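Take a look at the letters that make up each chain.
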Amino acid sequence: MKLIFLGPPGAGKGTQSERMCADYGVVQLSTGDILRANRKAGTELGQKAQKFMDAGELVPDQIIIDMIKEELKKPELSKGYILDGFPRTVPQAQALDKLLEDMGQKLDTVLVLEVPNEELVKRLTARRVCRVCGKSYHLIFKPPLKEGICDQPCGGELYQRDDDKEGPIMNRLKVYEDQTFPLIDYYSSKNLANKIHGLGEIGDIYSRIKTVLDKF
Ligand code: AMP
């Protein structure tokens, strides 16, 4: 199964992807996670991406397209994947179409997780992320067992991402509306888009997703 997971920042794509990976044996490919790992490792890519990420802006298309081209070649993706956070612009979607065509691959579906902006702001300001493994928590709805510490074996410290603070959040939501929203029409015209109501319990939202995925 190969799919794109679209949705604004804070919609719950990462949380839902974790469950989908466990149930369907696919791999989650999050461009945000890859960029953060590159920043942590101090690579040239990480340094180029830093100022855009901190401001809540998109990293230029060509940097992202070159990065994803390498990622898609990885053998662990052979069983299928969830693209989380990519594509985010029409030129990225067009580049992905070309990459998939060259690789003889086809997308099964595009999930569009829909959540109103007021809820996104609430979710993002309460999000905490593990410095070591990147797992994300919500202070109220998905708290760690021990305050400030990741539940995974890494036991990493939880922190608030700089771009999860109020100023960058508003910018990220605007960037989503201006640059990523047009992708819903892009994939609807290809009959690939499936809208998912993203409010409610995590398990209920997942059931809605499963109803769509079980068709494939
Ligand atoms: P995320 O973790 O998906 O919210 O991404 C965090 C930040 O990484 C974004 O605000 C962008 O600065 C950058 N980023 C992630 N994916 C992309 C992408 N597909 N295109 C451009 N920038 C991206």
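If you're wondering where the values come from, they're calculated on a predicted model, not measured in any experiment.

Draft legend 1. Seen up close, the pattern of salt bridges. One pass over the structure, following the stated rule, counts 18 salt bridges. Between Glu71 and Lys74 there is a salt bridge; the shortest N-O distance is 3.2 Å. Arg123 serves as the salt-bridge partner of Glu119, at 3.0 Å between the closest nitrogen and oxygen. Of this pair, Glu119 and Arg123 both sit in helix α6 (residues 117–125), separated by 4 residues, roughly a single helical turn.

Draft legend 2. Spatial organisation of the side chain of Ser136. Mapped onto the elements of the fold, Ser136 is located in strand β6 (residues 136–138). In contact with Ser136, not counting residues within four places along its chain, are Arg127, Arg128, Val129 and Lys142.

Draft legend 3. Here's a closer look at the packing of helix α4 (residues 61–71) against helix α5 (residues 90–103). Their axes nearest at 10 Å, the elements α4 and α5 cross at an angle of 25 degrees. Viewed along their axes, α4 and α5 adopt a mutual orientation that is roughly parallel. Judged by the sense of rotation from one axis to the other, the crossing of α4 with α5 is right-handed. For the pair α4 and α5, contact is made by Asp61, Ile64, Ile65, Ile68 and Lys69 and by Pro91, Gln92, Ala95 and Leu99, respectively. When the residues that make up the contact of α4 with α5 are grouped by side-chain class, the tally is 6 nonpolar, 1 polar and 2 charged.

Draft legend 4. Up close: the packing of aromatic side chains. Tallied over the full model, the rule gives 2 aromatic pairs. For the ring pair Tyr176 and Phe181, a centre distance of 6.4 Å and an interplane angle of 75 degrees mean the geometry is edge-to-face. On the basis of relative accessible area, Tyr176 is assigned to the buried category, the value being 9%. Judged by relative accessible area, Phe181 falls into the partly exposed class, the value being 46%. On the numbers, 5.0 Å between centres and 85 degrees between planes, the contact of Tyr186 with Tyr187 is edge-to-face. Of the two residues examined, Tyr186 and Tyr187, each falls in the buried class. One cation-aromatic arrangement involves Arg131 over Tyr159; the distance from NZ or CZ to the ring centre is 4.4 Å. Against the face of Tyr137 rests Lys135, its NZ or CZ located 5.7 Å from the ring centre.

Draft legend 5. Quick look at unusual backbone geometry. The linkage connecting Phe86 with the following residue, Pro87, adopts the cis geometry, with an omega of -5 degrees. The topology assignment puts Pro87 in the loop between β3 (81–84) and α5.

Draft legend 6. Structural context of the confidence of the model for the protein chain. Of the residues in the protein chain, 100% have a pLDDT of 70 or more, and the chain-wide mean is 94. By mean pLDDT, β6 is the weakest element of the protein chain at 91, and strand β4 (residues 109–114) is the strongest at 98.

Draft legend 7. Representation of the sheet that holds strand β7 (residues 158–159) in the model. The strand order across the open sheet built from 3 strands is β6-β5-β7, with neighbouring strands paired in antiparallel fashion. With one partner strand each, in any of the chains shown, β6 and β7 form the two edges of the open sheet. Across 2 bridges, strand β5 (residues 127–130) lies against β7 in antiparallel orientation. Bridge pairing in β7 links Cys130 to Leu158. Strands β5 and β6 of the sheet are contacted by α6, whose axis makes an angle of about 45 degrees with β5.

Draft legend 8. Summary view of the site of the ligand. Taken together, 16 residues sit near the ligand, with Thr31, Arg36, Glu57, Gly85 and Gln92 positioned nearest. Separating a nitrogen atom of the ligand from a backbone N or O atom of Gly85 is a distance of 2.8 Å. One nitrogen or oxygen atom from the side chain of Arg161 is found 3.3 Å from an oxygen atom belonging to the ligand. In isolation the ligand has 480 Å² of accessible area, and contact with the protein removes 96% of it. No other element matches the 4 residues that helix α2 (residues 31–41) contributes to the shell around the ligand. In terms of residue class, the shell around the ligand is made up of 6 nonpolar, 4 polar and 6 charged.

Each value, and the rule that gives it
Numbers given for residues are sequential positions, taken from 1 along each chain in its written order. In keeping with the predicted nature of the model, local features appear solely for residues at pLDDT of at least 70, side-chain atom pairs appear and are counted solely at 80 or more, and the whole-chain, interface and lining totals rest on all residues. Excluding hydrogens and water, the side-chain values take into account all heavy atoms of the structure. The term salt bridge refers to a side-chain nitrogen of Lys or Arg lying within 4 Å of a carboxyl oxygen of Asp or Glu. We count a stretch as a helix when DSSP gives it H or I for four or more residues in a row; a strand needs E for two or more, and each element gets its number in order from the N terminus. A contact between two residues is defined here by any heavy atoms of the two lying within 4.5 Å. Orientation is described by axes fitted as lines to C-alpha atoms, over the contacting stretch for helices, and by angles from 0 to 180 degrees between their N-to-C directions. Each angle receives one of four descriptions, namely roughly parallel if under 35 degrees, roughly antiparallel if over 145, roughly perpendicular if within 65 to 115, and oblique otherwise. Crossing handedness is read from the near helix: turned anticlockwise from the far helix by less than a right angle, it gives a left-handed crossing, and turned clockwise, a right-handed one. Here the nonpolar group is Ala, Val, Leu, Ile, Met, Phe, Trp, Tyr, Cys and Pro; Asp, Glu, Lys and Arg are the charged ones; every other residue, Gly included, is treated as polar. The aromatic pairing rule takes the rings of Phe, Tyr and Trp, using the six-membered ring of Trp, and pairs them if the centres are within 6.5 Å, calling planes under 30 degrees apart stacked, those over 60 edge-to-face and the rest tilted. Only protein chains enter the calculation, and the probe is 1.4 Å; a residue is then buried if its accessible area is under 20% of its type maximum, exposed if over 50%, and partly exposed in between. Ring-over charges, as used throughout, are those where CZ of Arg or NZ of Lys falls within 6 Å of the ring centre and within 35 degrees of the ring normal. Residue-level confidence of the predictor is summarised by pLDDT, bounded by 0 at the bottom and 100 at the top. Any two strands with at least two DSSP-identified bridges between them are counted as paired. Only heavy atoms are used to decide nearness, and a residue is near a molecule or strand if one of them lies within 4 Å of it. N or O atoms closer than or at 3.5 Å make up a polar contact, with two conditions inside protein: a donor-capable atom paired with an acceptor-capable one, and, for residues adjacent in sequence, both atoms drawn from side chains. What sets the accessible areas is the Shrake-Rupley method with a 1.4 Å probe; for residues, cover comes only from the shown protein chains.

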